[in-house]
Each structure stands twice: as C-alpha cells, then as structure tokens.
Amino acid sequence: MTLLHRPLILRITLCATMAVAALPVFAPRETSAQAAAANLEDLLEYANLLFSQEKYGVAAGQYRTFIQENPKSPNLQIAWFRLGECYLKVKQDEDAITSFNYLIENFRTGPFVGSAAYRVAVLRLNAQDYRNALTYFDIAKKQLSNPEAKLQAGYYHARCLQLTKKPKEALAAFSQLMEDKPKEDNPFYERAMLETARLQFELGVPEKALETFKSLAESASTKDIKEEAIVRAGLLAAEAGQTEVSEQFLNQALKFSDTSPWKNLAHIGAIFNAFAAEDYERVIGLYQTGVYTTPDDSRAKMLLVVGHSYRIKGDLESALRLYALVEAKFPDRNEGIEAGYRRLQILHQKGDRTLPELAGRFAEKQRRIEPDSKYIDMSWLMAAEWHFNEAETSASGPGSEFAKKHFGDAARAYTRVRLDNIDEKYREVSLYKTGWAQIESGNRRDGILSLTKFLKAHPESSLASSALAKRAVAYQADEDHDYALADFQELAKKHPEAPEVEFALQQVALIFAHQKKTSEMINAYNELLKRFPNTNGAGEAHYWIGVGYFDLEQHQQAIPELEEARKMDPEYDDKATLRLVICHYQLENIDKLATEAKRYIENAPPEDSGAKKKRGTIPPPVIEYLGKKLAANSDHERAEYFLSLVSTPEDPGKTSGAIWKQLAESRRVLKKHVLSIVAWDNYLLATERPSERATAYLQRGISQLCMQDYEAARNSAQESLRSQKEGRTNAEARILLGDIAAANGRLEEAAREYLVVSQIFTDPEVTPKALTKVIKAYQSLGNRERAQELQQELSKSFPNYNPPADLGYDC
C-alpha cells in the first residue's frame, strides 16, 4: 500500500426490487406485414412507457417480445439496452450482463453499445473483477457519444489499469484524460491528477509525484483531494530532504479540522510510505512515537503494516504480538484474517517445524467456516513452499532421502491447492513447483505430466524455459533421450534469451555424444560457444569438440580445442593432455609430443591417491617412439627422460634391448655414467650377438674409465676384445686399454696398446688417433727418437689428419 491508497468503490443503486423472469433469447422470426411491424414499434413505445413508470418486470417482458418479433427493427439496440436496464433495476445482474453482452457482441458500435459496455464495466468493477472491467470501460470510452460519459468511462478505464497493476499504462491514461479537457470543463481533472501523483510515487519517481502533489495542493477545489495532496506533499518533501517545504505542508495539515482523516493519517501515511520504501526501522520508530485515534480501517491496516515491519526486521515476537492484536480486535475484518494467516508466515520464517501441521489445521478451520476461502489454499501453498524450501536447502543435497521426502510432502501439498482459488500470480509457480517437486521426489511420471500441463497452460510463462529444462532432465533420467533432446532444442529455439538456454545447448551436445553422433555433437558445442562465449562450460565444450575431432581422426583440428579446454578448465587438463599426446604422436610433432607427454607425466597425482588408479596412461610404444626420435635428434636429455619411463630396471628382461642400448648411449652423453653402466649391463642381458656385446662392453668401459674405476674398465675392454676379434670395435677396445693404462700411470703399457692398433688396423679415424696417442706416450716416456719416427709415419700416412685438442673421452 502506498500513501494511504484507498480503494475505489462504485455502486449502482436500484429502486425496484421486483424480480424479472429471465427468458432465453430466441432465434428471430421472420415478419412480413408492415402493419405488424408498426404494431411492434408501438410495443417498444409501450415498453418504454412501462420503464419510465418503473414497472421493470412488465417492461422486460415487452422488450423481450419486441426483440423476438421484430429482429430487423432499427430500434433493436435500444430494446436490448432497456432489457438489460430492467434486469439491473431488479438486481438480476447476470441476466443484465447477458443482455448487454449480446448487444455489445452483435452490434459492435453505437452509443447503446457504449452504454451497455459501461454498465457491464461497473458491475465488473463492483465485483472487483478489474481485468474484465478494464475491457468493458475501454469499449465504453470508444463507443459513447456523450462527451461527459466518455470522460467518465475514460477515468474508470484508467483506474482499472491501476487496479490491474499496470501503473505505467494507467499513468498514461490519466495524463491523456487531463489533456482531453481543461480543468474547468473536466470534473475528473483533480481526481486524475491525484491518481497521477500516486502512480508517479508508485513507479519510483517521487520527485515528479511531489511536484504533482504540490500543484494539486495549491489548485484543488475539492476539500478531500486538497487535504490529501497537502499531507502527501509534506511527506514526500520530507523524504526528499526538502525540510522547509515539508514543514510548510505538514503545518497546514495540522490546522485541518479534527474531523479530517488526514490530520491523523499524516502520521500513518508516513508509516505507509516508510513501509513502501522498505524502511522498516522507520516504520517501527514512527509507530512507537505516535498516538493514533484513527478509524478502524486505517488503524487495522497500520497495525498490520507495523507487524509486517517487525517480521521483516527479524523481531518476530513483536510481530506476533501485533498480529495477535489485529486478529483479536478485528476478527471479522480482512486484516484480522490476514493477521491469523501471517502467524503461519511467522512460524515459517522462524523455521518452526510444526508449520505444516498448523497450516493444515488452519486450512481445516477455514474450510468449516468458509469452504471457498482462498486462505485454505494459501495455507496449503505455504505448507508446500515450506517443504519445498526444506528440500532445496537440505544440507545433505537435493538427491538425499531427506530432500526426496520433503519434495514428496511438497508435491502432495501442492496438489491440494485449488489453483483457481489463489491469486493468479501464484498459479503458474504453484503448478510449476508441483511438477518440480514430483520429479525430485522420484515421481518422474507425474512430474512430467504436471510440467506438460504447465507448459500447455502457460506457454509464454517466464518459467516455461525452466519447465522445459526440468522435463528434459526427467526424460534423460528415464533414458528417453529423444524426448529430452526435443525439449532442450525447443527451449533453445523458443526461448533464446532464457537463462536455461546455455544448459540446454550443453545437454543437446551431451545427448549427441551419448548417441555417438560425433559431428552433431561438435556442431552443438560450437553453437554453445557461439552464443555463450563466456559460458562456464566453455572448457567442457572445447574438450568434447576436441574429442570429437580426435575420434574422427582429425588430429590437427583436435589440437587447438584440447589446448583451449585445459586452459579454460583445469578439470580437463589431464584428459585433454593425454589426447594431445596421441594427436602429436599421430602427426609426428616430436617436440610438441615431448612437451605434452612430460606435462602429463609430471602432473600425475600421488601414487596412493584414488585419482592415480583411474588415470589413463600414455601407451608405452608412444613413449618409446618419442625417446628414440629425441635421441636421433641428439636431444639426449629428453630422450633419457622418456626412455627411463619405459625401462624396467627392477626386471630388465621386460625391457627391449634396443631401449637399454639407446638409454645407455643417452646417459653416456649426459655423463650419467653410473646409470649408463646399468643400462649397458641390462643391454648385455638382452643380446647374444658378439658385435653388439663388444660395443656394449666398449661403451661400458668408457664410462667406468670416466669414473676412474680402472680395473672394471680394463675388464670391460678385455670382454669387448673377446667378443669382437677384429674390426673397428676391437681397435677402439685396445685404444681404451691404452687409455686405462695411461690414466693409471702405466705409459709403456699404454704405448704398446696404441702401437698395436696403429700397426694392425687401418682406418682414417681410428689409426691416426692411435698413432697420435702412442706419439704422446713416447714423448712422455722421453723416447723422442721413437716418437719422431711415428710422427713421420703419421704425417706420411695421414697428411690431412688434424688431431683434436683433446684425444680423451668427454667424461
């Protein structure tokens, strides 16, 4: 309620009380004689005479006879109108409405159509059927010819817009009404101006409302309107911070006669305004400081509003006290009934678990008193909402037994609500939640039926998209994927701006994925990303698009999608990376394959975690392939990393000799001599070919020499010689023996080994290398003559040989 908004009450006062028998409207009978027609016109005059003499019952019979016998008379409109008037006079409103409606529907235009529409509009307005009253007032203002009557119909048309919660349209209508005729010729001007101010306040433009009230306070000639304008202008000025203006108007209000309702209502008006502004503390403060000698109507409403404020501020005990006061003092008034009903709301707000039981008792009590009372249904609705809220806020989650029980109780309570007996604003939601609660309680069949009924009854509802989504989810739970898909697609098509569209598009894609319709799934996810680029499900969308391309073996297209997926959502890091590994493997992108494989491996969860058990692994052939390719590219560090992963040192036989050999060579280059030796040992276990074993012994010996394990190195070199009796490997093994002897200080022995190689093996690399080493050995031994001879031989046999700066091994 805003600023003591008082309801409009219209009444048609009828003088006659005599009942008129309602007769059906018969099909018109053809008449052919002009004389008969003339007599019938006389019958109309006679009926009018009876009407003027207030003999409405007899007049009604004559009008009916005229209508039946003379269906083509040009005076048929007036006959129908007078017939309706007769029914009105004797309080047979339904028969009057039937007559007026016949006139309106069959003649469409004319002053009598306008008058009939006005009569029906007033009846609907008196019955508080504002929506229908609005329709008839609209017809009346268009068809009435009398300017004053049109003006009056226009005013009440605007009021009905106001009463049907269409404040903007009502404001425009009142403004038009004031524009149509100047104030001096417009009896509704001041009232329209008053309603304009009220609506301006209601629509949240108090500054305009203030200006209108100020103007009205100065110009109004009607005492009640002027006093109201003064009080409201003062209140609004106070809220706007215009203290002087406020005091000016409120001081005028204090000078009103003690009989003026506005003198006392000024204070109450402030309470109402504070309540409308949601300033509940101010409501309470004003109430606690005021003294009220107002009529029961205002006092009951005020106490109710104060009770609401206490409730909203959390002072539930004070609210209960106020509600109890209203209920006790005004038990037969709507405020008293509402106060009793609000008690249930308080219990609900306090989380009182007895609410459903008490709501049931309240409903039963009301049923005995007034079976058609809307409070019966509202109490069941409150019980249903309480259960629904309990389920939704369940700490154990929406799928728990606790939640399912309360959803079930909510569903049963919702089904007891007579939808046509509660406010229209609750009907959609109630039916919608009925279906929702049924589905959540496990009764998907009835839930689907309820939501289907809801969608049929309210196709344009703002909840339609949510209902479609919920029904689709229920279909999914029942594995009716085609029905679910149809609902999700309809949602996206018919409600493109709905908040559920994003979810619907996501589910469409997932259903296609479930149905293994890969291309359709990719298209659906692309549509999701196109319409919702910032969706929370973007990571999922990119992932499944990538998976789709992966499954279609379109690996190049899959890569950017999978990369984007893990970038946007860490949840997909592992799964996307594993597929990226395979994509790069298939495309032979060695460097990227190495990067992705290492990322996947190093992001592995701890061994003892559950996630580790569920995690996929990179196929060992992929790792082996990668390691070999890296080694071939001289990327020994990464080669050793990956080859180590596919080796089994605890059971060497499970690893191929090729892996052990490549791993040993990479470790040798990386100067990981201990590990290289282990790899060569395992390689030797895997191969029996003499040439391969000779090479392995040779390389193992080099690593052992680097570690200064001379005895072990000598043994390895000798094993190499035994395995390969001749050839380059044999020569290199002898050089190794010389290097071992030299390192151990036995230069003569080293010289002998070098000399043997230089004399018995000819190779453009090995032979000059051996000569160079023996020359240095003789030089170190002081045998310069022999060193000179060998130097001449080296120069003669290998004139282009340029020895490296260091003939040793890179340890």
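1. Regarding the overall build of the protein chain
For the protein chain, the helix and strand inventory stands at 41 helices and 0 strands. Once the C-alpha set of the protein chain is aligned to its principal axes, its extents read approximately 160 × 75 × 55 Å. When each of the 811 residues of the protein chain is scored for burial, the buried share is 49%. Taking contacts inside the protein chain between residues at least 6 apart in sequence as the whole, the part at least 24 apart equals 52%. Accessible surface computed for the protein chain: about 40,800 Å², of which carbon and sulfur atoms make up 48%. Looking at charge distribution, the protein chain has the averaged site of its 104 positive side-chain charges lying 2 Å from that of its 114 negative ones.

2. Structural notes on the layout of surface pockets
When its volume is computed, the second largest pocket comes out at roughly 340 Å³. What lines the second largest pocket is a set of 12 residues, among which Ile601, Thr617, Ile618, Ile623 and Leu645 lie closest to the centre. Elements that contribute at least two residues to the lining of the second largest pocket include exactly helix H30 (590-602) and helix H32 (620-632). Looking at the lining of the second largest pocket residue by residue, the classes come out as 8 nonpolar, 2 polar and 2 charged.

3. Considerations on helix H17 (residues 334-349)
For H17, with 16 residues, the first-to-last C-alpha span of 22 Å sits near the 22 Å given by 1.5 Å per residue. Glu335, Gly336, Glu338, Ala339, Gly340, Tyr341, Arg342, Leu344, Ile346 and Leu347 are the residues of H17 that are buried. At the exit of H17 stands glycine 351, carrying a positive phi of roughly 75°.

4. Comments concerning the packing of aromatic side chains
Any two aromatic rings considered together are summarised by their centre-to-centre distance and by the angle between their planes. For the coordinates displayed, the defined rule picks out 22 aromatic pairs. Relative to tyrosine 375, the ring of tyrosine 341 has its centre 5.2 Å away and its plane inclined at 55°; by these criteria the two rings are tilted. You can see tyrosine 341 sitting in helix H17 and its partner tyrosine 375 sitting in helix H19 (residues 374-392), a full 34 residues away along the chain. Take tyrosine 341 and tyrosine 375: they sit in the same class, and that class is buried. Aromatic pair tyrosine 432 and tryptophan 436: ring centres 5.8 Å apart, planes at 50°, arrangement tilted.

5. Some thoughts on the nonpolar core
A general feature of soluble globular proteins is that nonpolar side chains tend to end up buried together. Ranked by internal contacts, the top residues of the largest apolar core, which has 107 residues, are Leu344, Ile618 and Leu626. No other element matches H19, which puts 11 residues into this core. Leaving out residues up to four positions away in the same chain, leucine 626 has contacts with Ile590, Leu593, Ala594, Ala597 and Phe642. Of all hydrophobic cores here, the second largest spans 80 residues; its members include Cys160, Ala192, Leu194 and Ile230.

6. What to know about the state of the cysteines
Enumeration according to the criterion identifies 1 disulfide in this entry. Paired by a disulfide, cysteine 706 and cysteine 811 hold their sulfur atoms 1.8 Å apart. Torsion about the S-S bond of the cysteine 706 and cysteine 811 cystine: about -65°, corresponding to left-handed handedness. Of this pair, cysteine 706 sits in helix H36 (residues 690-706) while cysteine 811 sits in the segment after helix H41 (784-797), and the two are 105 residues apart along the sequence. On the accessibility criterion, cysteine 811 (39% relative accessible area) is partly exposed.

7. Things to note about unusual backbone geometry
Positive phi outside glycine occurs at glutamate 54, with the angle close to 65°. Locating glutamate 54 in the fold gives a position in the loop between helix H1 (34-52) and helix H2 (56-69). On the basis of relative accessible area, glutamate 54 is assigned to the partly exposed category, the value being 48%. Backbone geometry at lysine 91 places phi at a positive 65°, although glycine is not the residue there. Assignment of secondary structure puts lysine 91 in the loop between helix H3 (76-89) and helix H4 (93-107).

8. Some details on helix H11 (residues 223-239)
Given 3.6 residues to a turn, an α-helix orients residues that are three or four positions apart in the same direction. Over its 17 residues, H11 extends 24 Å from the first C-alpha to the last, a length consistent with the 24 Å expected when each residue adds 1.5 Å. With 12 of 17 residues buried, H11 is to be regarded as a mostly interior element. Ile225, Glu227, Glu228, Ala229, Ile230, Val231, Arg232, Ala233, Gly234, Leu235, Leu236 and Ala237 are the residues of H11 that are buried. In the stretch just after H11, glycine 241 is the one whose phi turns positive, near 80°.

9. Here we look at the pattern of salt bridges
Tallying each qualifying case throughout the model produces 51 salt bridges. Between lysine 183 and glutamate 190 there is a salt bridge whose closest N-O contact spans 3.8 Å. Looking at lysine 183, the relative accessible area reads 31%, which means it is partly exposed. Among the residues examined, glutamate 190 registers a relative accessible area of 8% and is labelled buried. Note that arginine 198 is salt-bridged to glutamate 228, the shortest N-O span being 2.7 Å. Taken together, the positions of arginine 198 in helix H9 (residues 189-202) and glutamate 228 in helix H11 put the pair 30 residues apart, joining distant regions of the chain.

10. Here we look at the packing of H19 against helix H20 (residues 401-415)
Contact geometry of H19 with H20 gives a least axis separation of 8 Å together with a crossing angle of 160°. In terms of their interaxial angle, H19 and H20 are classed as roughly antiparallel. The crossing of H19 and H20 is left-handed. Note on element contacts: H20 touches H19 through Phe402, Ala403, His406, Phe407, Asp409, Ala410, Ala413 and Tyr414, opposite Trp380, Leu381, Ala383, Ala384, Glu385, Trp386, His387, Phe388, Glu390, Ala391 and Glu392. Residues belonging to the contact of H19 with H20 are distributed by class as follows: 13 nonpolar, 2 polar and 4 charged.

11. Considerations on the confidence of the model for the protein chain
Per-residue confidence for the protein chain gives a mean pLDDT of 87, with 92% of residues at or over 70. Taken element by element, the protein chain is modelled with least confidence in helix H31 (residues 610-614), mean pLDDT 59, and with most confidence in helix H28 (residues 555-568), mean pLDDT 96. Overall, residues 1-37 carries pLDDT values under 50, and its contacts beyond four positions in sequence, including any with other chains, amount to 79 contacts.

12. Concerning the environment of alanine 324
With respect to the helices, strands and loops of the structure, alanine 324 is situated in helix H16 (residues 316-329). Once the C-alpha coordinates of alanine 324 and glycine 336 are considered, the two residues, 12 residues apart in sequence, prove to be 8.5 Å apart.

13. Some points on the packing of helix H37 (residues 710-723) against helix H38 (residues 728-743)
Direction vectors running N to C along H37 and H38 enclose 160°, while the axes themselves pass 9 Å from each other. By the angle between their directions, the pair H37 and H38 is classed as roughly antiparallel. Viewed along their axes, H37 and H38 form a crossing whose handedness is left-handed. Each of Tyr710, Ala713, Arg714, Ala717, Gln718, Ser720 and Leu721 in H37 lies in contact with H38, whose residues at this interface are Thr729, Asn730, Ala733, Arg734, Leu736, Leu737, Ile740 and Ala743. Tallied by class, residues from the contact of H37 with H38 come to 9 nonpolar, 4 polar and 2 charged.

The rules behind these values
- Residues numbered from 1 in each chain as written.
- Predicted model: local features only at pLDDT ≥ 70, side-chain atom pairs only at ≥ 80, totals over all residues.
- Heavy atoms only, no water.
- Helix = DSSP H or I, 4+ residues; strand = E, 2+ residues; numbered from the N terminus.
- Buried < 20%, exposed > 50% of the residue type's maximum accessible area, 1.4 Å probe, protein only.
- Contact = heavy atoms within 4.5 Å.
- Areas by Shrake-Rupley, 256 points an atom, 1.4 Å probe, with all protein chains shown as cover.
- Lys, Arg positive; Asp, Glu negative; His and termini not counted.
- Charge placed at Lys NZ, Arg CZ, Asp CG, Glu CD.
- 1 Å grid on protein atoms, 1.4 Å probe; cavity = no way out; pocket = protein on both sides within 12 Å on 5 of 7 lines; lining within 4 Å.
- Points joined across faces, edges and corners; volume = space filled by probe spheres on them.
- Nonpolar A, V, L, I, M, F, W, Y, C, P; charged D, E, K, R; others polar.
- Expected span 1.5 Å × (residues − 1).
- Phe/Tyr/Trp six-rings, centres within 6.5 Å; stacked < 30°, edge-to-face > 60°.
- Core = buried A, V, L, I, M, F, W, Y, C linked by side-chain atoms within 4.5 Å.
- Disulfide = S-S within 2.5 Å.
- Salt bridge = Lys/Arg side-chain N within 4 Å of Asp/Glu carboxyl O.
- Axes fitted to C-alpha atoms, helices over the stretch in contact; angles between N-to-C directions.
- Parallel < 35°, antiparallel > 145°, perpendicular 65-115°, else oblique.
- Left-handed = near helix turned anticlockwise from the far one by under 90°.
- pLDDT = per-residue confidence, 0-100.

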